[in-house]
Amino acid sequence: MDTFDTLTSEKELFSPSKEIIKNSYIEDYDKLYQYSINENEKFWDETARQLDWFKHYDKVLDYNPPFAKWFTGGKINIVHNALDRHIHTFRKNKLAIIWEGEDGKERTYTYFALYRQVNKFANVLKSFGVKKGDRVTIYLPNIPEIAICMLACAKIGAIHSVVYAGFSVDALKDRILDAKSKILITSDGAYRGGKIIELKKIADEAIKKAPVVQTVIVVKRTEHGVSMDSSRDFYYDELMKLPIASSYCKTEETDAEDPLFILYTSGTTGQPKGILHVHGGYAVGTYISSKYVFDIKDSDTYWCAADPGWITGHSYIIYGPLLNGATSLMVEGAPFYPYPDRWWKIIEKHGVNIFYTSPTAVRGAMRYGEAWPNRHNLSSLRILGSVGEPINPEVWKWYYKHIGKEHCPIMDTWWQTESGAFLITPVPTMPLKPGSCGKPFLGIDADIFDENGNSCESEKGGYLVIKKPWPSMMRTIYNDDKRYEETYFSKFGKNIYLAGDTAKRDIDGYFYVMGRIDDVIKVSGYRLGTAEIESAIITHAAVAESAAIGKPHELKGNSIKAFVVLKPGIEKSDSLMEDIRNNVGTHLGPIAKPDEIEFVDSLPKTRSGKIMRRVLKAREMGISEGDLSTIEED
Ligand code: WTA
């Protein structure tokens, strides 16, 4: 909380061009926003009516704080809306997905082709006995099959649980066990930065520790040859050729509140939280936010450069764009490999109109310099987006100038795995302030509270809260209603959602997100928990204890620093340090490797034995450690 008042609002205002205003769905944000808050249920009702329902809902909101149900009594399936309904329109032969592999391979799917693949794979899943409500873990890289598998699960009412392909053995094992998935879909490997990540090998290791998995389906991507267990493992392409993979499968008429997916995310404790989303509300939220914030039109090529394994990929590569009948580009691999202009080349090649990425990626591009984007014709771009962490004003301006060529508004979208869809974001017609994520999205009642739950005056930092439920919000933490309530609805009561971020608002009502209040670190936009990192560190035989903190980092937003206490008699050495780092890579994933390790003799703790990461962080940054006597009482 000590970082509350350190940011100053940017005074510069960037107004949208006439072109943008002419083409935008939202003309008058203020008016529509007021309506969406004053007539909140009516607004969501009108929005939900833009989708197809098998049976119309009885009630818009059924609220038993902190648990909200939306569109109860309604029957809907997100896949019917994202796919099936388009094949009866002019979109049948329109491209749904364009995919670029890191090795230059390209594949495209029309809506009809994607529909067929999804039907076929849904039948494959059924042939393995997968039924409505069953969990399917998907551990795949950014390839079209990840979309096909997710949609196939949703089509038959099964619950997908995607695990980011950058995670490793223990992270995968924990997620399989928590979801109790009997089936795992993976690939032989994944390409990243010219290297092959051996996903099947990692999956095999994870299953040894999570023997609930009975069936493994393996997509061939790298074709480098993997070991297959004939009693358990099947190749995806072979299954798709069998008669069971017929090209029609009825879409399950799921209830609006039936679970759609679980996506695990980091929080304060080591155990990741299984964030649960449902068919109805999530469809409504991702549909309308993609439409209004990105102004997606049928002629657009839309590119969200995230990985489908994170919420950004779920909501804004797959569901949101497809619900709008858009053409969504998926790009495998590292951004600046083999050359720093890979992304700019892709924008030119596919005539990308809307481009959505993270501040870390923009900072990476900035480091290579504007000569790289300047080699390409980026004139197709109309709207840019940013997500995952605060974007520094100077990075915003670089993005605006060198990628958007000073005519593309930047949608700095603030939201979370838990929110399903955007919560605070500009819309294209809103004048922009660099470093600000704009104003609350329609229907979202956002505020900033002080310690006592009073709304903060402008320029004063506080807790970011949402005061009304919204359709795409998570329904609970999978199998843990208590943790849901405690984490998000205890500080200010059952009606107030505590987001976990600090923020402030300027005099014009623009929000500025400042940082997390919990032990979550955003590293290159990836969400990691200090407790998860620490658990991975202490799996190393030489380590007795550890504490991890986030430190501001020029490129990655934050870097990870770990303080490590070695077991008695163990010699400190550089090679041991490297070994501990690599061990984190093997257990949790390369993204979680500490950037720095410092060997220490002890860690500061409260009397009850809790590690005081705040003290370590304060020391590291050379700022006041605060009143330690009160911390001791924790
Ligand atoms: C941070 C990612 C500032 C924030 C969609 C949030 C942001 C967490 C922004 C959620 C933004 C996300 N500006 N901070 N535009 N977007 N964050 O669940 O701390 O991976 O709480 O969802 O990322 O991370 P998650």
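Residues numbered from 1 in each chain as written. Predicted model: local features only at pLDDT ≥ 70, side-chain atom pairs only at ≥ 80, totals over all residues. Heavy atoms only, no water.

**Points about the pairing of strand β17 (residues 383-387)**
Consideration 1: Of all five residues that make up β17, five are buried, and the element is covered over most of its length.
Consideration 2: Here β17 shows no split at all, with Ile383, Gly385 and Val387 on one side and Leu384 and Ser386 on the other all buried.
Consideration 3: Where strand β16 (residues 354-357) and β17 come together, four bridges link them in parallel fashion. Counterpart to Ile354 in the pairing with β17 is Ile383.
Consideration 4: Both β17 and strand β18 (residues 410-413) contribute to a ladder of four bridges, which runs parallel. Opposite Val387, over in β18, you have Thr413 as the bridge partner.
Consideration 5: Where the polypeptide runs from β17 across helix α15 (residues 393-403) and back to β18, its parallel neighbour, the crossover connection is right-handed. (Buried < 20%, exposed > 50% of the residue type's maximum accessible area, 1.4 Å probe, protein only. Helix = DSSP H or I, 4+ residues; strand = E, 2+ residues; numbered from the N terminus. Pairing = 2+ DSSP bridges. Right-handed = clockwise from strand over helix to strand, strands pointing away.)

**Structural notes on the side chain of Thr425**
Consideration 1: Position of Thr425 relative to the elements: it lies in strand β19 (residues 424-425).
Consideration 2: Overall, Thr425 belongs to the buried group, its relative accessible area being 0%.
Consideration 3: Residues within four places of Thr425 in sequence aside, it is in contact with Val293, Met411, Asp412, Thr413, Met430, Cys437, Gly438, Lys439 and Phe441. (Contact = heavy atoms within 4.5 Å.)

**Quick notes on the site of the ligand**
Consideration 1: In the region of the ligand, 17 residues are neighbours, and Asp412, Thr413, Thr417, Arg516 and Arg527 sit closest.
Consideration 2: Thr413 has a polar backbone atom sitting 2.7 Å from a nitrogen atom of the ligand.
Consideration 3: The separation between an oxygen atom of the ligand and a polar side-chain atom of Arg516 is 2.7 Å.
Consideration 4: Calculation on the ligand without its partners gives an accessible area of 520 Å², and the protein chains cover 97% of this total.
Consideration 5: Split into classes, the residues belonging to the shell around the ligand amount to six nonpolar, five polar and six charged. (Near = heavy atom within 4 Å. Polar contact = N/O pair within 3.5 Å; in protein donor to acceptor, adjacent residues only side chain to side chain. Areas by Shrake-Rupley, 256 points an atom, 1.4 Å probe, with all protein chains shown as cover. Nonpolar A, V, L, I, M, F, W, Y, C, P; charged D, E, K, R; others polar.)

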